[in-house]
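Residue strings, one per chain:
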Amino acid sequence: MKTLVIGEIVNDELSSGTLEIISKIKVLNLDFSVITVGNADVTNIGSDSFSNLYLKSSSNKLNLFNCANEIKKFINEKEIGLVLSNSSYIGRDIIAFLSVDYKTSPVSNVINFEIDNNEIKTINSINGGESEYITKLTSDINFILIRPKSFDQTEVTLNDNFETIDVAENEYSLDVFDVHIEEKTGPQLEDSKIVISAGRGMVEASNLKLIEDLASKLNAAIGGTRAIVDAGWMPYSNQVGQTGKTVKPDVYIACGISGATQHQVGMKDSKYIIAINKDEEAPIFQISDLGIVGDTLSVIPKLIENL
Amino acid sequence: MKIAVCAKQIPDPANPIEYSNGNVIRPEEQVLDDTDRYGIEVALLLKEKYDAEVTVISMTKIGTQKGIQQALQMGPDKALVLEDETLIGANSLMTSNVLSELAKNVEADIVIFGTESTDGYAGVVPQQVSRILNIPCISYVKNIEIDNDVTLTRQTIEGSEKIKLPEKCVISVTASGVEPRYPNFKDIMAAKNKEVNIISINDIDFNIDQNMEFNELNDISSSKDGEKITDEGEAYQVILDKLKEIKAL
Ligand SMILES: Cc1cc2nc3c(=O)[nH]c(=O)nc-3n(C[C@H](O)[C@H](O)[C@H](O)COP(=O)(O)OP(=O)(O)OC[C@H]3O[C@@H](n4cnc5c(N)ncnc54)[C@H](O)[C@@H]3O)c2cc1C
Ligand SMILES: Nc1ncnc2c1ncn2[C@@H]1O[C@H](COP(=O)(O)O)[C@@H](O)[C@H]1O
């Protein structure tokens with residue numbers, strides 16, 4: 001089955017989500033190509049083992065409608081039967097546009113898929129990851145949105161072997177300004193082996209200093225719940241959960257987090273989960289390997305002191 | 001200016017969601033998805049600026065329409081609701097086709113959505129509607145500034161960017177920078193007199209095939225039999241020992 005991956009750029013590189021999908025379809029031995037959509041000048045997104053076409057739009061335009069039109073040409077010419085992308089920003093927009101053009105509903109929140117005799121089966125996560133169901137896809141062309149961190153990323157060797165098309169603009173292209181790229185300092189949430197996350201149980205923004213100190217001792221990345229992101233304690237890029245990032249570190253330490261399903265969906269697949277919460281009934285304990293019923297503000301300082 | 005704003009009715013999230021064949025089991029009484037309160041807030045800010053007419057649009061099963069009332073209580077002018085039992089389990093494209101017809105019906109210039117619903121969280125319906133209606137799509141909007149003109153800030157994979165509101169577009173709003181208003185007693189009473197126009201699938205131009213089959217639903221209980229201790233001042237030591245044991249230190 002001829003497969004197309006829609007790739008995204010983060011910090012001038014192929015996103016980790018894109019590389020996870022490529023890793024998976026290499027294992028499945030599918031005949032695949034990549035089309036990457038972005039606005040930045042990039043290098044090193046090509047490969048000798050697959051083709052990558054870079055659809056570049058001007059840096060001050062939101063131009064995804066036209067990118068979808070370009071992708072359509074490619075799909076028709078190459079007779080693509082399966083289109084995959086990450087369920088993140090650009091991927092969802094593009095796949096949604098294409099799904100209308102091909103009159104085929106996409107499947108979202110897919111955490112795994114199988115292809116057997118040209119029949120595609122997806123496993124979708126629903127209900128904050130508490131249930132999953134299997135869907136059989138029966139159209140001539142099918143669209144799948146993959147949740148980040150569903151597949152392990154294997155070594156993908158990249159080079160400058162890719163082609164670039166400057167995508168034209170039309171009345172659907174919108175001018176953008178004040179483009180802000182969030183600065184990334186310290187270990188990255190998605191890649192770090194240890195993640196320490198804070199919730200409202202840290203009581204005040206100033207107490208996040210404790211989380212920072214602990215993180216620097218453990219060389220860990222810092223995450224947070226939507227409650228504290230909304231309260232302005234932390235930037236959105238640190239949010240873990242349904243509407244934030246999905247992480248899967250070796251160790252996840254949840255400090256003062258209740259464990260709402262929307263938070264759990266972003267972290268419950270972490271290998272070892274430690275939770276500190278003063279409410280012994282907090283739902284986070286249901287998915288923890290080690291639960292500490294106690295006050296974050298007294299446990300964390302002692303941890304830092306003894307590291 | 002005419003605005004259509006989506007209000008999805010969902011089972012009360014206070015109770016666990018139940019499924020049948022991959023579809024949410026929907027009770028007679030459903031409530032407004034909190035996610036849509038953010039879109040409604042944006043619609044109301046635009047109403048104040050442009051004296052726009054705001055219509056709530058929704059696709060739902062037959063029921064009490066409590067969620068529609070909750071949406072109207074926040075301040076929209078009226079509602080257009082498509083009630084139909086045959087649409088239970090509709091996929092995103094069927095939903096988008098129906099919502100597009102509703103938006104056309106009220107001659108909306110701007111159509112506003114939540115970014116992803118709490119029960120479905122497919123997060124593709126707004127973009128599909130923009131493609132169907134053939135108007136630009138501004139997805140993942142997290143803030144709105146209103147002065148001489150209207151500026152939207154959208155979340156991107158790397159950070160954010162700003163866009164001036166065009167004459168016609170679809171917007172999806174994420175739960176973030178805007179603070180949905182709470183209706184007071186007067187608003188709640190006023191909502192009871194607002195027009196709620198209920199139509200059925202036969203009243204719109206709709207014809208699309210379902211292309212997916214749902215199979216088994218498996219509950220993957222993620223509940224763990226973890227260790228739980230109460231901190232008596234020494235819990236830090238247990239954590240340190242564990243971190244060493246699993247070789248994280
Ligand atoms: C559509 C939608 C999407 C969402 N997306 C996300 C998402 O992506 N990510 C996300 O995180 N949330 C998300 N949420 C919000 C989610 O439902 C919860 O509201 C949020 O996760 C709660 O954050 P919290 O645990 O910090 O706060 P709370 O739920 O208020 O929990 C605070 C916890 O701290 C404990 N505590 C208080 N003081 C102390 C102390 N001194 N020591 C120890 N423990 C203490 C309390 O016992 C409590 O359990 C979403 C919600 C919706 C509706
Ligand atoms: N049945 C519906 N009625 C009204 N609005 C809906 C419906 N389904 C989806 N939406 C809107 O589309 C957004 C995205 O939904 P979803 O694609 O299900 O995640 C929601 O936040 C709603 O604003």
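Each value, and the rule that gives it
- Residues numbered from 1 in each chain as written.
- Chains lettered and ligands numbered in written order.
- Predicted model: local features only at pLDDT ≥ 70, side-chain atom pairs only at ≥ 80, totals over all residues.
- Heavy atoms only, no water.
- Helix = DSSP H or I, 4+ residues; strand = E, 2+ residues; numbered from the N terminus.
- Buried < 20%, exposed > 50% of the residue type's maximum accessible area, 1.4 Å probe, protein only.
- Contact = heavy atoms within 4.5 Å.
- Lys, Arg positive; Asp, Glu negative; His and termini not counted.
- Charge placed at Lys NZ, Arg CZ, Asp CG, Glu CD.
- Salt bridge = Lys/Arg side-chain N within 4 Å of Asp/Glu carboxyl O.
- Axes fitted to C-alpha atoms, helices over the stretch in contact; angles between N-to-C directions.
- Parallel < 35°, antiparallel > 145°, perpendicular 65-115°, else oblique.
- Left-handed = near helix turned anticlockwise from the far one by under 90°.
- Nonpolar A, V, L, I, M, F, W, Y, C, P; charged D, E, K, R; others polar.
- Near = heavy atom within 4 Å.
- Polar contact = N/O pair within 3.5 Å; in protein donor to acceptor, adjacent residues only side chain to side chain.
- Areas by Shrake-Rupley, 256 points an atom, 1.4 Å probe, with all protein chains shown as cover.
- Domains from an automatic or database assignment.
- Buried area = accessible area lost by both parts, 1.4 Å probe.
- pLDDT = per-residue confidence, 0-100.
- Pairing = 2+ DSSP bridges.
- Core = buried A, V, L, I, M, F, W, Y, C linked by side-chain atoms within 4.5 Å.

Bringing the overall build of chain A into the picture now. Of the regular secondary structure elements, chain A holds seven helices and 18 strands. Along the three orthogonal principal directions, the C-alpha set of chain A runs to about 65 × 45 × 35 Å. For chain A, with 307 residues in total, the buried portion stands at 60%. Once local pairs closer than 6 in sequence are excluded, the contacts in chain A between residues at least 24 apart make up 64%.

This part is about the overall build of chain B. In terms of regular secondary structure, chain B is built from six helices and 15 strands. The buried share of chain B, reckoned over its 249 residues, is 55%. If you take every contact in chain B between residues at least 6 apart in sequence, the share linking residues at least 24 apart comes to 72%. In chain B, 25 positive and 42 negative side-chain charges are present, and the distance between their average locations comes to 4 Å.

Turning to the pattern of salt bridges, a few remarks are in order. Applying the stated criterion across every chain yields a total of 30 salt bridges over all chains. The closest approach of N and O atoms between A:Lys78 and A:Glu77, which form a salt bridge, is 3.9 Å. Linking B:Asp77 and B:Lys47 is a salt bridge whose minimum nitrogen-to-oxygen distance equals 2.8 Å. Linking B:Asp77 in the loop between α2 (66-74) and β7 (78-83) with B:Lys47 in helix α1 (residues 34-50), this pair joins segments that are 30 residues apart in sequence. For B:Asp77, a relative accessible area of 27% gives the class partly exposed. For B:Lys47, a relative accessible area of 21% gives the class partly exposed. Residues joined by salt bridges that share partners form a network here, namely A:Lys72, A:Asp101 and B:Arg131.

This brings us to the packing of helix α2 (residues 64-78) of chain A against helix α3 (residues 89-101) of chain A. The geometry of a pair of packed helices is captured by two quantities: the angle between their axes and the separation between those axes. All names here are of chain A. It is the contact of α2 with α3, at a shortest axis distance of 9 Å, that shows an interaxial angle of 60°. Classified by the angle their axes make, α2 and α3 are oblique. The chirality of how α2 crosses α3 is right-handed. Where α2 approaches α3, its residues Leu64, Phe65, Cys67, Ala68, Ile71, Lys72 and Ile75 are matched on the opposing element by Ile90, Asp93, Ile94, Phe97, Leu98 and Asp101. Residues belonging to the contact of α2 with α3 are distributed by class as follows: ten nonpolar, no polar and three charged.

All names here are of chain B. If you check the shell around ligand 2, you find 20 residues, and the closest are Asp36, Met59, Gly114, Ser117 and Gly123. Here a nitrogen atom of ligand 2 sits 2.9 Å away from a polar atom, N or O, in the main chain of methionine 59. A total of 480 Å² of accessible area belongs to ligand 2 in isolation, and the protein chains cover 96% of it. Looking at the shell around ligand 2, the elements that each hand over two or more residues are β6 (53-60), α3 (92-105), β8 (110-114) and α4 (125-133).

Moving on to the domain arrangement of chain A. Residues and elements named next belong to chain A. What the domain assignment lists for chain A is domain 1 (2-175) and domain 2 (194-305). Look at where the C-alpha atoms of domain 1 and domain 2 centre, and you get two points 31 Å apart. Each side of the interface is counted separately: domain 1 has eight residues, and domain 2 has eight residues. Taking both sides of the interface into account, the surface hidden between domain 1 and domain 2 amounts to around 740 Å²; carbon and sulfur atoms contribute 46%. Summed over the three residues of domain 1 that lose the most area to domain 2, namely Gly128, Arg147 and Lys149, the buried surface amounts to 59% of that side. In this structure, the connection of domain 1 to domain 2 is made through zero salt bridges. One can count three residue pairs in polar contact (both at pLDDT 80 or more) joining domain 1 with domain 2. Considering only residue class, the side of domain 1 that touches domain 2 consists of two nonpolar, three polar and three charged.

Attention shifts here to the confidence of the model for chain B. Fine structural detail should not be taken from predicted coordinates in areas where pLDDT scores are low. Summarising the model, chain B shows a mean pLDDT of 92, and 94% of its residues fall at 70 or more. In the model output, the complex is listed with pTM 0.92 alongside ipTM 0.92.

Looking now at the pairing of strand β4 (residues 52-56) of chain A. Residue and element names in this part refer to chain A. Counted residue by residue, β4 has five buried out of five residues, so it is predominantly covered. By the alternation rule, side chains of β4 split into Asn52, Tyr54 and Lys56 and Leu53 and Leu55, which are all buried. In the sheet, strand β3 (residues 32-38) pairs with β4 via five bridges, with the strands oriented parallel. Counterpart to glycine 38 in the pairing with β4 is lysine 56.

What follows deals with the nonpolar core. Ranked by internal contacts, the top residues of the largest apolar core, which has 91 residues, are A:Ile71 and B:Ile112. Ignoring any residue separated from it by four or fewer positions in sequence, one finds B:Ile112 in contact with B:Ile3, B:Ala4, B:Val5, B:Cys6, B:Gly39, B:Val42, B:Ala43, B:Leu46, B:Ile171 and B:Val173. Judged by nonpolar contacts, the second largest core, of 34 residues, contains A:Leu214, A:Cys255, A:Val299 and B:Tyr236.

Neighbouring ligand 1 are 27 residues; A:Arg200, A:Thr225, A:Thr243, A:Ser258 and A:Gln262 lie closest to it. This site is not confined to one chain, since residues near ligand 1 come from chains A and B. Measuring from a nitrogen atom of ligand 1, one finds a backbone N or O atom of A:Lys278 at 3.1 Å. Between A:Asp295 and ligand 1, the recorded distance is 2.9 Å, taken from a side-chain N or O atom to a nitrogen atom. Bound to the protein, ligand 1 loses 83% of the 990 Å² it would expose on its own. If you list the elements that add at least two residues to the shell around ligand 1, you get α5 (226-230) and α6 (261-264) of chain A. Its residues assigned to classes, the shell around ligand 1 comprises five nonpolar, 17 polar and five charged.

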